[in-house]
Amino acid sequence: MGSSIATAGYTFVVEETKEVVGEDLGLLQEKLLQLNWGVQHPASGPMRLKVWVDGDEVVKVDPDIGYVLRLLEKLVEYRTWINAIVNVERACFMDDFGTMTGYSIAAEKIAGVEVPKKADYVRTILCEGGRIVSHLIGLGSFVGVMGVHTPMQWALIAREKFLDAFETFSGQRIATSSIVPGGVRYEPTGKFIEKMVVAVDYLEKEFIPRYEEVFVDNPTLKIRSVGVGKVSKEKAIEIGLAGPALRASGVASDIRKDYPYAAYGELDFKVITKEEGDSYARYLVIWEELKESAKIIRQAIEGLPEGDYRTKFPIKVPQGEAYVNVEWARGCFGFHLVSEGGTGPYRLKMRAPSFANLWAMPEIMKNVKLADVPVIFASLYMCHGDIDR
Amino acid sequence: MEIKEALMVPFEATKKVIRVTKALFAPKATEVWWDKGVKRELHYRGKHIIKAELCIGCSMCARACPVNCIEMVPTGVKKPRAVPKVRGNECIFCGLCEDACPTKPEKAIKLTDNYSMIVEPGTWDNLYQFVFEPEGLEEAIEKAKKMEEMIEKKKREALKKKQLEDKKGEEK
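The structure reproduced in this document is the subject of the present report. What you are looking at is a predicted structure, and each value in this text was computed from that prediction instead of being measured. (Residues numbered from 1 in each chain as written. Chains lettered and ligands numbered in written order. Predicted model: local features only at pLDDT ≥ 70, side-chain atom pairs only at ≥ 80, totals over all residues.)

## Quick look at the packing of helix 6 (residues 150-170) of chain A against helix 7 (residues 190-215) of chain A
Residues and elements named next belong to chain A. Applied cut-off: Angles here are taken between N-to-C directions and fall from 0 to 180 degrees, while the axes themselves are lines fitted to C-alpha atoms, restricted in helices to the stretch in contact. Here a helix means four or more residues in a row that DSSP labels H or I, a strand means two or more in a row labelled E, and each is numbered from the N terminus. Just so you know how the angles are binned, under 35 degrees is roughly parallel, over 145 roughly antiparallel, 65 to 115 roughly perpendicular, and the rest oblique. Any two residues are considered in contact once their C-beta atoms, placed from the backbone, lie within 7 Å. Residues are grouped as follows: Ala, Val, Leu, Ile, Met, Phe, Trp, Tyr, Cys and Pro are nonpolar; Asp, Glu, Lys and Arg are charged; every other residue, Gly included, is polar.
With their axes 8 Å apart at the nearest point, helix 6 and helix 7 run at an angle of 170 degrees to one another. Classified by the angle between their axes, helix 6 and helix 7 sit roughly antiparallel to one another. Contact residues: helix 6 offers Pro-151, Trp-154, Ala-158, Lys-161, Phe-162, Asp-164, Ala-165, Thr-168 and Phe-169, while helix 7 offers Lys-191, Phe-192, Lys-195, Met-196, Val-198, Ala-199, Tyr-202, Leu-203, Phe-207, Tyr-211 and Phe-215. Here the contact of helix 6 with helix 7 is built from residues that sort into 15 nonpolar, one polar and four charged.

## Things to note about the sheet that holds strand 5 (residues 131-132) of chain B
Residue and element names in this part refer to chain B. Inclusion rule: Two strands pair under a simple rule: DSSP has to find at least two bridges between them.
If you trace the three strands from one edge of the open sheet to the other, you get 2-3-5, paired in antiparallel fashion. The strands lining the two open edges of the sheet, one partner per strand, are strand 2 (70-74) and strand 5. Bridge count for strand 2 against strand 3 (residues 82-87) is five bridges, and the pairing is antiparallel. Residue pairing for strand 3: Met-72 is matched across the bridge by Pro-84.

## Observations concerning the pairing of strand 9 (residues 331-339) of chain A
Residue and element names in this part refer to chain A. Where strand 8 (residues 320-328) and strand 9 come together, nine bridges link them in antiparallel fashion. When the bridges of strand 9 are listed, Glu-321 appears paired with Val-338. The antiparallel pairing of strand 8 with strand 9 creates a hairpin that spans two residues between the two strands. Here strand 9 runs beside strand 10 (residues 347-351); their pairing, made up of five bridges, is antiparallel. Bridge assignment links His-336 to a residue of strand 10, and that residue is Lys-349.

## Let's talk about the environment of Arg-45 of chain B
Tracing the backbone shows Arg-45 of chain B in the loop between helix 1 (3-25) and strand 1 (48-50). A C-alpha to C-alpha distance of 31 Å links Arg-45 of chain B and Glu-142 of chain B, two positions 97 residues apart in sequence. When sequence neighbours within four positions are dropped, the list of residues in contact with Arg-45 of chain B reads Gly-171 and Gln-172 of chain A together with Phe-93, Gly-95 and Leu-111 of chain B.

## Remarks on the packing of helix 4 (residues 96-111) of chain A against helix 5 (residues 117-144) of chain A
All names here are of chain A. The interhelical angle for the contact between helix 4 and helix 5, taken along N-to-C directions, is 140 degrees, at an axis separation of 7 Å. Considering the angle they form, helix 4 stands oblique to helix 5. Within the contact between the two elements, helix 4 uses Asp-96, Phe-97, Gly-98 and Thr-101 and helix 5 uses Arg-123, Leu-126, Cys-127, Gly-129 and Gly-130.

## Concerning the nonpolar core
Condition: Definition of nonpolar core: a set of buried Ala, Val, Leu, Ile, Met, Phe, Trp, Tyr and Cys residues joined via C-beta atoms within 7 Å. Partly exposed residues are those falling between the two cut-offs: more than 12 but fewer than 20 other C-beta atoms within 10 Å of their own, whereas 20 or more means buried and 12 or fewer means exposed, with C-beta atoms placed from the backbone. For the domain bounds, the source is a domain assignment made automatically or taken from a database.
Ranked by internal contacts, the top residues of the largest apolar core, which has 129 residues, are Ile-85, Tyr-103 and Leu-241 of chain A together with Cys-61 and Cys-97 of chain B. Looking at which element gives the most residues to this core, the answer is helix 5 of chain A, with 13 residues. Here this core spans two domains, since at least three of its residues come from each of domain 1 (2-64) and domain 2 (72-388) of chain A.

Printed below as a string of structure tokens:
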């Protein structure tokens, strides 16, 4: 314990020697105390933060990751072009459609395959559904780290409706593996559209008003989160934040708007930004994106064209490279796919937004109170599946 | 203990006895769901069903499987040469084998809406033996054997005819 601080470049500062009934109290003598925030902490997930504190103030944070490493990038090399999606989607179980769409677009770019318009629209509907599902959990867990577990339960009820729609579409609720290079795997039936509309209706008419009344603009929530973990616009770009965290600092970066993919170019939506850059602003960005996603789903369902939903994807793909960015629920997800002319990918590199946010976190967490650590951690909206991959 | 409380003791006791006896004969609060035959959605990806009669033994499903849990078991006849056997323990139920199956109009390997998969006790040996076997394999093999015999008979007859014709030709 003591040696780990010494290796990190911190010296022991002995304030006073404390003895209780002749017994040495050890750790209390050190000025800097290392705490393990994580693995067993209810808010941390499968990850550890080494937090050095001076009294109540955080001096340094060092994330320790790798608990859910699954070597997804390497596993893709042993798959064919089609069945690599099962590894790609497992980057994060919450929004699996975004990653599958990105991989599929990259593979289609190399193969020179054009996707039918219907497939593009179905992808858009699914991606936004995945975003809502992910954002609901994000909202719930942000308030959850402060000790209130009701919003999480409300969010799970709303999420269930979307999962029902995904089950009708693909047969699975979470690991759907429904988007493949060349389109989507299943016909978007009337029942699927119906269930999606039911889910969006529930979200807009039941969940959003009820949640807004209690957990948005809540004075207690504001005391804990306003001004906590503040990042300015320049600093957010410098430390490489991604996704809602970047937009909360006033940078209007959204791949859906900047480099439209799927059917986003034809739909009308706005990029949500906030100027404050603190934890509460990040929470509000997630909250307002939820409403925006519901609008996109409605538009995409209205504009769903007739026709094929899948084209044939060749078994062998010519040599080439492609880099594709998609706006995933947690930010910009990059796919660098390399083909050597075989039946499967030669190499896939995934650039994950949560990973970028994680290594920006120690910078944000300097000189904050220990109680603010979970709040900042939850507000950065990270997923451990895509930190480790 | 006061007199009032002491008087209440037998009353409370009978109340409790009545509650317990009521609970004994009441219907169970939980139900055994897997006997009810719950219907899942159209595309539900559950237990596999493999029809040996339809299978042509092309092993496309085994190639499409991302976790390599499909094994092609040789049958000993020419068509199908081998039929798939799915190791249920390793399967992730992605349904890509069904997509890859080329038989038309019905697919030889299919994912049904049957999702009650119980292995008891869940030891490694038991789990390893949890396999989805092809249905009607023996019948299919017998049929194939009969077909092969028929074809061979026809071939022999054709050969005999040819030989007879050749002989006649030579005689002429």
